[in-house]
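Residues per chain are reported as follows:
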Amino acid sequence: MIKIVVDSTGYIPQEIIEKYDIKVVPLKVRFGNEEFKETDISVEEFYRRLTSSTELPKTSQPSPQDFMEVYKPLIDEGHEIISIHLSQKISGTINSARVAIELLKTNKIRIVDSMSTTFSLRFLAEFALSLIEKGLPFEEVYKETVNAVNRIYNRFVLYHLKYLVEGGRLSKAGGLLGDILNIKPILSFTNGEVKIESVARSLNKAKDVLLKFVKEISDTKGIDRLAIIHGINSDVKEFEEKLKESVNVPIEKMLCGAVIGVYAGPEWIGVGIFGKT
């Protein structure tokens, strides 16, 4: 049987994890001397600490041992594994997975680099599960899932840039420029890295750019699945209503947790798309 493994930045709902027996390898977040597995700190507790802490938290990847503890029982039971993870250009998570595979000396595990994070892990995992349910063989499920990475599209805007700057994902010059001019960069994951796509003069105008982006993808590629990805900001429902006016597809919402929150901050919003092509 083919099993799916993801890391914790997929924020896949517990009911889906249990239904499909998805295995989750957690990243870690550290406040001072306190370290938590991402799966062991609630979203609410994390953001409470983030907004009250004077020192920003740090994140760390799973160790090869963490992966071995998930992989080995599955391999021993005779399963094959599709392991889907956040971009290797922003995290060493995939490298740890590769080391674990080498130590296990197995050819029964294939890694898929989502080239992104959050919604992409969930969409790709559920896409792979749909292929498994159709009875496709292991190598075909792997190849089709890798190809599906090209159907991932995204844009997002951060309400405060300091978290991305302090986390080393945006230059201090870029962050300072945004603060001084009150501009809002529209960001993307492109080729596995965070890229500034454009800038807007206000948060509302930045949200308009997101809406136009979704409409553009809908018109040119088609949309299989659409998600609003976000922090604990209170304007998600308002944005959802505007998005419904732009495209006629079901909208999923993903509240993202600790590892993403370290870099994105408590308030941010984005759109994640699994295109038809």
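Okay, so let's go over this structure. (Residues numbered from 1 in each chain as written. Predicted model: local features only at pLDDT ≥ 70, side-chain atom pairs only at ≥ 80, totals over all residues. Heavy atoms only, no water.)

**Regarding the environment of lysine 221**
To keep things clear, this is the line we draw: Helix and strand definitions follow DSSP, with helices as H or I runs of at least four residues and strands as E runs of at least two, each counted in order from the N terminus. Three labels apply to residues, based on accessible area from a 1.4 Å probe with only protein chains included: buried if under 20% of the type maximum, exposed if over 50%, partly exposed otherwise in between. In what follows, a contact means two residues having at least one pair of non-hydrogen atoms within 4.5 Å.
Counting through the fold element by element, lysine 221 comes out in the loop between α9 (203–220) and β11 (223–230). Given the relative accessible area of 35%, lysine 221 is considered partly exposed. Spatially, the C-alpha atoms of lysine 221 and isoleucine 232 are 30 Å apart, while their sequence positions differ by 11 residues. Apart from residues lying up to four places away in sequence, lysine 221 is in contact with Tyr153, Lys276 and Thr277.

**As for the pattern of salt bridges**
Note the following rule: For this document, the term salt bridge refers to a Lys or Arg side-chain nitrogen within 4 Å of an Asp or Glu carboxyl oxygen.
Here the structure, examined in full by the defined rule, presents 23 salt bridges. Between glutamate 34 and arginine 49 there is a salt bridge; the shortest N-O distance is 3.0 Å. Of this pair, glutamate 34 sits in strand β4 (residues 34–37) while arginine 49 sits in helix α2 (residues 43–52), and the two are 15 residues apart along the sequence. A salt bridge links lysine 237 to glutamate 241; its shortest N-O distance comes to 3.4 Å. Remark: glutamate 241 and lysine 237 occur in helix α10 (residues 236–246); sequence separation between them is four residues, near one turn of the helix. We classify lysine 237 as partly exposed; its relative accessible area is 46%. For glutamate 241, a relative accessible area of 34% gives the class partly exposed. Taken together, the shared-partner salt bridges in this structure form one network comprising Lys237, Glu240, Glu241, Lys244 and Lys253.

**Observations concerning the packing of helix α5 (residues 119–133) against helix α6 (residues 138–148)**
Heads up, the rule is: Axes here mean lines fitted to C-alpha atoms, for a helix over just the part in contact, with angles spanning 0 to 180 degrees between N-to-C directions. Crossing handedness is defined as follows: a turn of the near helix away from the far one that is anticlockwise and smaller than a right angle gives a left-handed crossing, while the clockwise case is right-handed. Three residue categories are used. Nonpolar comprises Ala, Val, Leu, Ile, Met, Phe, Trp, Tyr, Cys and Pro, charged comprises Asp, Glu, Lys and Arg, and polar comprises the others, including Gly.
Closest axis-to-axis distance for the α5/α6 pair is 10 Å, and the angle between their directions is 145°. α6 is crossed by α5, and the crossing has right-handed handedness. Only Val141, Glu144, Thr145 and Ala148 of α6 make contact with α5, whose side of the interface consists of Leu124, Phe127, Ala128, Leu131 and Ile132. Here the residues of the contact of α5 with α6 are counted per class, giving seven nonpolar, one polar and one charged.

**Some thoughts on the pairing of β11**
The condition is simple: Should DSSP find at least two bridges between two strands, the strands are taken to pair.
Extensive coverage of β11 is indicated by the burial of seven of its eight residues. Taken together, the seven bridges between β11 and strand β13 (residues 268–275) define a ladder with antiparallel strand orientation. Of the residues in β13, the one forming a bridge with leucine 226 is isoleucine 273. Across five bridges, the pairing between β11 and strand β12 (residues 251–255) is parallel. Across the sheet, the residue bridging to leucine 226 is isoleucine 251, located in β12.

The analysis is restricted to geometry; functional conclusions fall outside its scope.
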